[in-house]
Amino acid sequence: MRVFVAGAAGAIGQRLLPELVAQGHQVTAATRNPAKVARLRELGAEPAVVDGLDAMAVGEAVARAEPDAVVHQMTALAGDTDMRHFDRMFAVTNRLRTRGTDHLLAAAAAAGAKRFIAQSYTGWPNIRQGGPVKTEDDPLDPDPPAAQRESLAAIEYVERVVPAAPLQGIVLRYGAFYGPGASDALVDLIRKRRLPIIGDGAGVWSFLHISDAATATIAALEHGGPGVYNVVDDDPARVSEWLPFLAQAVGAKPPLRVPVWLGRLAAGEVAVSAMTRIRGSSNARAKRELGWQPAWPSWREGFSRGLSDTEPARGAA
Ligand SMILES: NC(=O)c1ccc[n+]([C@@H]2O[C@H](COP(=O)([O-])OP(=O)(O)OC[C@H]3O[C@@H](n4cnc5c(N)ncnc54)[C@H](OP(=O)(O)O)[C@@H]3O)[C@@H](O)[C@H]2O)c1
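Everything in this summary refers to the structure shown in the same document.

Conventions adopted
Residues numbered from 1 in each chain as written. Predicted model: local features only at pLDDT ≥ 70, side-chain atom pairs only at ≥ 80, totals over all residues. Heavy atoms only, no water. Phe/Tyr/Trp six-rings, centres within 6.5 Å; stacked < 30°, edge-to-face > 60°. Helix = DSSP H or I, 4+ residues; strand = E, 2+ residues; numbered from the N terminus. Buried < 20%, exposed > 50% of the residue type's maximum accessible area, 1.4 Å probe, protein only. Salt bridge = Lys/Arg side-chain N within 4 Å of Asp/Glu carboxyl O. Axes fitted to C-alpha atoms, helices over the stretch in contact; angles between N-to-C directions. Parallel < 35°, antiparallel > 145°, perpendicular 65-115°, else oblique. Left-handed = near helix turned anticlockwise from the far one by under 90°. Contact = heavy atoms within 4.5 Å. Nonpolar A, V, L, I, M, F, W, Y, C, P; charged D, E, K, R; others polar. Near = heavy atom within 4 Å. Polar contact = N/O pair within 3.5 Å; in protein donor to acceptor, adjacent residues only side chain to side chain. Areas by Shrake-Rupley, 256 points an atom, 1.4 Å probe, with all protein chains shown as cover. Pairing = 2+ DSSP bridges. Core = buried A, V, L, I, M, F, W, Y, C linked by side-chain atoms within 4.5 Å. Right-handed = clockwise from strand over helix to strand, strands pointing away.

**Description of the packing of aromatic side chains**
Line of reasoning, step 1. In this structure the tally under the stated criterion is 12 aromatic pairs.
Line of reasoning, step 2. Aromatic pair Tyr178 and Phe207: ring centres 6.3 Å apart, planes at 75°, arrangement edge-to-face. In this pair, Tyr178 is assigned in strand 8 (residues 176-178) and Phe207 in strand 11 (residues 207-209), connecting sequence segments 29 residues apart.
Line of reasoning, step 3. Of the residues examined, Tyr178 reaches a relative accessible area of 1% and is grouped as buried.
Line of reasoning, step 4. Each ring, one from Trp205 and one from Phe207, has its centre 5.9 Å from the other, and the planes form 25°; the classification is stacked.
Line of reasoning, step 5. Ring pairing ties together the aromatic residues Tyr178, Trp205, Phe207, Trp242, Phe245, Trp299 and Phe303, which thus form one cluster.

If you want it as structure tokens, here you go:
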């Protein structure tokens, strides 16, 4: 298959490229940055230098690649974490999920691509009522914290337009990433004891090893009908459970505990929600319809060995 990957030099793209190449696919890898071209070649792809927000340039690059499938992995999440101004932190990512998706979808359809795979997110977008674990049939949050409204709207946008497009449109909602190159910021906060458990720590998180994000994306190239799929591990867990475990796994002191009022004052409503109210996600549909299994089924094994490793220990999973 000929595959065009936008956002190819990011955390997920760098895992995806070698797997695609190993499976015999011919890959065009897009970046904005000419300095990354050599690295993309090393990973076995044909580089294309293009800005995902430039409709003409995207159209030309995709047309030149003549892809059977197009993969959208463009995000702009590498900066500092600012939970209080969540939508501001996600502003470029939100544009990539709206305008960036439009440009790439139009280019894919014009070039005759049959399949389009886009990145979304699962965890905080879930409705924060009812049971602790949500499926794709559950609604998204009708009343998110004020600072997350634009980001949720961008997620709703990509999840609406991609499956409705005139090709096979798949949206993969990845859980919270960890793994090589994907959890350094989180681990750094924990080492500095700057990630306290707020309130009862009853927020439920669904994690995903970055390597499993790549294998799910590859599975989605050939399996599954148009729609939205949660791509997470088998082990949704409360903050009060995973955060002390992760602290111990990285040799940090146990996380501090702060009351909700103090958490709200120090870090804002989004942080309080993430620590106390968000829901986890079920991967049953992805397993059933994409034929995908996480190699890292639990963050327990993952945080112990998978922060720096891509493969689980033999017999561990
Ligand atoms: N589900 C999750 O938890 C999740 C999802 C995504 C990312 N993350 C985390 O966020 C951190 C940063 O992610 P990342 O390394 O993937 O970097 P990133 O900064 O989020 O960028 C990903 C890719 O998007 C591309 N991009 C950004 N703006 C673009 C634009 N205007 N046009 C075209 N491409 C554009 C970048 O391409 P260029 O090569 O052009 O710079 C980059 O390769 C990592 O720790 C990662 O694990 C987490």
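Now that the structure has been shown, the text picks up again.
**Brief notes about the pattern of salt bridges**
When their charged atoms lie close together, side chains carrying opposite charge are able to pair.
Line of reasoning, step 1. The final tally for this structure, using the stated rule, is 11 salt bridges.
Line of reasoning, step 2. Of the charged contacts, one joins Asp137 and Arg285 as a salt bridge, the two residues approaching to 3.1 Å between their closest N and O atoms. Taken together, the residues span a long stretch of sequence, with Asp137 in the loop between strand 6 (133-134) and helix 6 (149-164) and Arg285 in helix 12 (residues 284-290) at a distance of 148 residues.
Line of reasoning, step 3. In this structure, Arg305 engages Glu301 in a salt bridge whose closest nitrogen and oxygen atoms are separated by 2.9 Å. Linking Arg305 with Glu301, this pair stays in helix 13 (residues 299-305), spanning 4 residues, or about one helical turn.
Line of reasoning, step 4. When its relative accessible area of 43% is taken as the criterion, Arg305 is described as partly exposed.
Line of reasoning, step 5. Salt bridges linked by common partners bring Asp235, Glu241 and Arg300 together as one network.

**Side note on the environment of Thr75**
Line of reasoning, step 1. On the secondary structure map, Thr75 appears in the loop between strand 4 (69-72) and helix 4 (86-89).
Line of reasoning, step 2. Take Thr75: its relative accessible area is 30%, and that puts it in the partly exposed class.
Line of reasoning, step 3. C-alpha of Thr75 to C-alpha of Gln119: the two residues are 44 residues apart in sequence and 8.7 Å apart in space.

**What about the packing of helix 5 (residues 91-110) against helix 6?**
Line of reasoning, step 1. Two elements in contact, helix 5 and helix 6, have axes separated by 7 Å at closest approach and are oriented at 20°. As judged from the angle between their axes, helix 5 and helix 6 are roughly parallel. At the point where helix 5 passes helix 6, the crossing takes the left-handed sense. Counted together, Asn94, Arg97, Thr98, Thr101, Asp102 and Leu105 of helix 5 and Glu150, Ser151, Ala154, Ile155, Tyr157, Val158, Val161 and Val162 of helix 6 form the full contact between these two elements.
Line of reasoning, step 2. Tallied by class, the residues present in the contact of helix 5 with helix 6 amount to 7 nonpolar, 4 polar and 3 charged.

**Side note on the site of the ligand**
Line of reasoning, step 1. In the vicinity of the ligand, 25 residues are found, and the nearest of them are Thr31, Arg32, Lys36, Gly52 and Thr75.
Line of reasoning, step 2. The separation between an oxygen atom of the ligand and a polar main-chain atom of Phe177 is 2.9 Å.
Line of reasoning, step 3. Burial of the ligand by the surrounding chains reaches 85%, relative to a free accessible area of 880 Å².
Line of reasoning, step 4. Of all the secondary structure elements, the ones that give two or more residues to the shell around the ligand are strand 5 (115-121) and strand 8.
Line of reasoning, step 5. Looking at side-chain class alone, the shell around the ligand contains 13 nonpolar, 9 polar and 3 charged residues.

**Quick word on the side chain of Thr31**
Line of reasoning, step 1. Inspection of the secondary structure puts Thr31 in strand 2 (residues 26-31).
Line of reasoning, step 2. In this structure Thr31 comes out as buried when scored by relative accessible area, which is 7%.
Line of reasoning, step 3. When sequence neighbours within four positions are dropped, the list of residues in contact with Thr31 reads Ala9, Lys36, Leu40, Ala48, Val49 and Val50.

**Quick look at the sheet that holds strand 1 (residues 2-6)**
Line of reasoning, step 1. Taken in spatial order, the 7 strands of this open sheet run 3-2-1-4-5-7-12, and their pairing is parallel. Each edge of the open sheet is held by one strand with a lone partner, namely strand 3 (46-49) and strand 12 (227-231). Adjacent strand axes in the sheet meet at a mean angle of 20° when their direction is disregarded.
Line of reasoning, step 2. Examined bridge by bridge, strand 7 (residues 168-174) and strand 12 share 5 bridges and lie parallel to one another. Looking at the pairing, Arg173 lines up with Asn230 of strand 12.
Line of reasoning, step 3. Together, strand 1, strand 2 and strand 4 form the strand contacts of helix 3 (residues 55-65), whose direction differs from that of strand 1 by roughly 155°.
Line of reasoning, step 4. Sheet strands in contact with helix 6 are strand 5, strand 7 and strand 12, and its direction is about 160° off that of strand 5.

**Structural notes on the nonpolar core**
Line of reasoning, step 1. Grouped together as the largest cluster of nonpolar side chains are 34 residues, with contacts concentrated most on Ile190, Trp205, Phe207, Trp242, Leu243 and Phe303.
Line of reasoning, step 2. Looking at this core, the elements that each hand over two or more residues are helix 6, strand 8, helix 7 (184-191), strand 9 (197-198), helix 9 (239-249), helix 11 (269-276) and helix 13.
Line of reasoning, step 3. Once residues lying within four places of it in the same chain are set aside, the contact partners of Trp242 are Trp205, Phe207, Ala237, Trp299 and Phe303.
Line of reasoning, step 4. Core analysis: the second largest hydrophobic core is formed by 33 residues, Val27, Ala214, Leu221 and Tyr229 among them.

**A few points about the pairing of strand 1**
Line of reasoning, step 1. Burial analysis of strand 1 places 4 of its 5 residues in the buried class, the great majority of the element.
Line of reasoning, step 2. Pairing of strand 1 with strand 2 involves 5 bridges; the strand directions are parallel. What sits directly across from Val3, in strand 2, is Val27.
Line of reasoning, step 3. On the question of chirality, the crossover connecting strand 1 to the parallel strand 2 by way of helix 1 (residues 11-22) is right-handed.
Line of reasoning, step 4. For strand 1 and strand 4, the ladder comprises 4 bridges, and the chain directions are parallel. Looking across to strand 4, one finds that Phe4 is bridged to Val70.

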